[in-house]
Amino acid sequence: MKKTATRLADGRELIYYDARDDAVRDAVDPRPLDPISTRSEIRHDRLLGDRVAIASHRQGRTYHPPADECPLCPSREGHSEVPAADYDVVVFENRFPSLAGDSGRCEVVCFTSDHDASFADLTEGQAALVLEAWTDRTAELAQLPSVEQVFCFENRGKEIGVTLGHPHGQIYGYPFTTPRTQLMLRSLAEHRERTGRNLFDDVVADERADGRRVVLEGEHWIAFVPYAAHWPYEVHLYPKRRVPDLRELDEGARTEFPQMYLELLKRFDRIFGPDEPPTPYIAAWHQAPFSLSDRGEFALHLELFTIRRTSGKLKFLAGSESGMNVFINDVPPEAAAERLREVASE
């Protein structure tokens, strides 16, 4: 992998990740952009303990542009964020960040220059390069004093709220430990106190022993529908060797990951049959906060889930979910796992 860092016309950082070591990246952003001065504000909810990012400048972000004006496609014509004729993987600071300055950092990750592709269409080599980019960004953002936790994720599909169709994801560098992670850490500590064992290890071991919800298993990774899945089709992907973040994956896990993850994504697109449009999903990496005293207790894992519950119908967050955070799942996890095994690649 070759990494080349440069700057866009408004001063934001852009980084090319190329599979070839002889790639040359010397194009200059021709756009007449003013320097970025966006700021976001983090406010604390005293009742729930949550933090909310206030970012009013995002109201003007790009919204469903025509394909020939896509800001994520490579272009030397001045309408794109990537001033190049082509690219493998590219990362740049978001022009409309939810988090900025002392309130963290937001980056965009373009998985491929092909506007009409999806992550599932990537080759294993391309997916491996994306993994390298995620890992490198985690390492770089860990050095920023304003970043406490790094969250790599992808939203796919208009049903999720995606406003740019080009295959891409995002990386958030939060200046705090997220509420979801805080809940995991609380359960982790309680389980250690009660049993003397690691909760993540026990969850994986229990799923392997039960077997009904295991979707896919390799030498280094295991994927299963969790026992108490919140979403109609939800899969958790764990490396078998517990590590706190992407930086700690060994070579075997890195080599096997593209095969495992691409297969899961392809199965997601087959859940509802060949006549259905691509399945909308969210793919989310959970990594340990940097200030955690014993980061080795946390287990890196990826959650992949869809809000489509059946053909032509979405799972909406209604009163119980949105008002009280109590999920109601119409699809039994065992049935979801069985369906995901049925649609395996031949």
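This is a predicted model, so every value here is computed, not measured. (Residues numbered from 1 in each chain as written. Predicted model: local features only at pLDDT ≥ 70, side-chain atom pairs only at ≥ 80, totals over all residues. Heavy atoms only, no water.)

### Quick word on the overall build of the chain
Inference 1: Secondary structure summary: the chain contains six helices and 15 strands in total.
Inference 2: Computed over C-alpha atoms, the radius of gyration of the chain comes to 20 Å, within 12% of the 20 Å expected from 2.2 N^0.38 for 346 residues, which places it in the range of a compact globule.
Inference 3: Overall size of the chain, expressed as C-alpha extent along the three principal axes, is 60 × 50 × 45 Å.
Inference 4: Out of the 346 residues in the chain, the part that is buried amounts to 51%.
Inference 5: In the chain, 63% of the contacts between residues at least 6 apart in sequence involve partners at least 24 apart.
Inference 6: Carbon and sulfur atoms make up 48% of the accessible area of the chain, which totals about 16700 Å².
Inference 7: Taken together, the 42 basic and 58 acidic charged side chains of the chain have centroids lying 4 Å from each other. (Helix = DSSP H or I, 4+ residues; strand = E, 2+ residues; numbered from the N terminus. Rg over C-alpha atoms; globule rule 2.2 N^0.38 Å. Buried < 20%, exposed > 50% of the residue type's maximum accessible area, 1.4 Å probe, protein only. Contact = heavy atoms within 4.5 Å. Areas by Shrake-Rupley, 256 points an atom, 1.4 Å probe, with all protein chains shown as cover. Lys, Arg positive; Asp, Glu negative; His and termini not counted. Charge placed at Lys NZ, Arg CZ, Asp CG, Glu CD.)

### Details of the packing of aromatic side chains
Any pair of aromatic rings gets described here by the distance separating the centres and the angle formed by the planes.
Inference 1: Counting across every chain of the model gives 21 aromatic pairs.
Inference 2: Seen from their ring centres, Trp-134 and Phe-257 are 6.5 Å apart, and the 70 degrees between their planes marks the pair as edge-to-face. Here the residue Trp-134 occupies a position in helix α1 (residues 124-141), and Phe-257 occupies one in helix α4 (residues 251-268), the gap between them amounting to 123 residues. Grouping residues by exposure puts Trp-134 and Phe-257 together as buried.
Inference 3: Seen in terms of ring centroids, Phe-257 and Tyr-261 are 5.2 Å apart; in terms of plane orientation they differ by 20 degrees. Their pairing is stacked. With Phe-257 and Tyr-261 both in helix α4 and four residues apart, the pair spans about one turn of that helix. (Phe/Tyr/Trp six-rings, centres within 6.5 Å; stacked < 30°, edge-to-face > 60°.)

### Quick notes on unusual backbone geometry
In terms of backbone geometry, most residues other than glycine have negative phi values and most peptide bonds are trans.
Inference 1: For Asn-325, which is not glycine, the phi torsion reads 60 degrees and is therefore positive.
Inference 2: Structurally, Asn-325 can be placed in the loop between α5 (319-324) and α6 (333-342).

### Here's the deal with α4
Inference 1: Given a rise of 1.5 Å per residue, 18 residues ought to cover 26 Å, and the 27 Å separating the end C-alpha atoms of α4 matches this to within 8%.
Inference 2: At Phe-257, α4 is deflected by roughly 35 degrees, the largest bend along its length, and proline Pro-258 occurs up to four residues later in sequence.
Inference 3: Most of α4 sits out of view: 13 of its 18 residues are buried. (Expected span 1.5 Å × (residues − 1). Bend = angle between axes of the 7 residues up to and from the residue.)

### A few points about the packing of helix α2 (residues 179-195) against helix α3 (residues 199-210)
Inference 1: Relative to each other, α2 and α3 sit at 85 degrees, their axes nearing to 9 Å. Judged by the inter-axis angle, α2 sits roughly perpendicular to α3. Where α2 abuts α3, its residues Met-184, Ser-187, Leu-188 and His-191 lie against Leu-199, Phe-200 and Asp-202.
Inference 2: By residue class, the composition of the contact of α2 with α3 is four nonpolar, two polar and one charged. (Axes fitted to C-alpha atoms, helices over the stretch in contact; angles between N-to-C directions. Parallel < 35°, antiparallel > 145°, perpendicular 65-115°, else oblique. Nonpolar A, V, L, I, M, F, W, Y, C, P; charged D, E, K, R; others polar.)

### What about the sheet that holds strand β1 (residues 2-7)?
Adjacent strands of a sheet form backbone hydrogen bonds with each other and so pair up, either parallel or antiparallel.
Inference 1: Read from one edge to the other, the open sheet built from eleven strands follows the order β1-β2-β5-β6-β8-β7-β12-β13-β11-β10-β9, with strand pairing classed as antiparallel. In this open sheet, the two strands that pair with only one neighbour each are β1 and β9 (214-217). The mean inter-strand angle of the sheet, taken between neighbouring strand axes irrespective of direction, is 20 degrees.
Inference 2: Across four bridges, strand β5 (residues 89-93) lies against strand β6 (residues 105-110) in antiparallel orientation. In the sheet register, Phe-92 faces β6, and the bridge partner there is Val-108.
Inference 3: Sitting on the sheet, α1 touches β1, β2 (13-18), β5, β6, β7 (149-156), β8 (168-174) and β12 (281-286), and the angle it makes with β2 is about 140 degrees. (Pairing = 2+ DSSP bridges.)

### What about α2?
Inference 1: Helix length check: α2 (17 residues) gives 24 Å between terminal C-alpha atoms against 24 Å at 1.5 Å per residue, within 8%.
Inference 2: Within the sequence span of α2, burial applies to Thr-181, Met-184, Leu-185, Leu-188 and His-191. Buried residues in α2, looked at end-on, bunch into an arc of 130 degrees, giving them a common side. Facing away from the buried side of α2 by over 90 degrees, the exposed positions are Arg-186, Glu-193 and Arg-194.
Inference 3: Next to the buried residues of α2 lie β7, α3, β12 and β13 (301-306).
Inference 4: Following α2 by one or two positions, Gly-196 has its phi on the positive side, about 80 degrees. (Arc of directions from axis to C-beta.)

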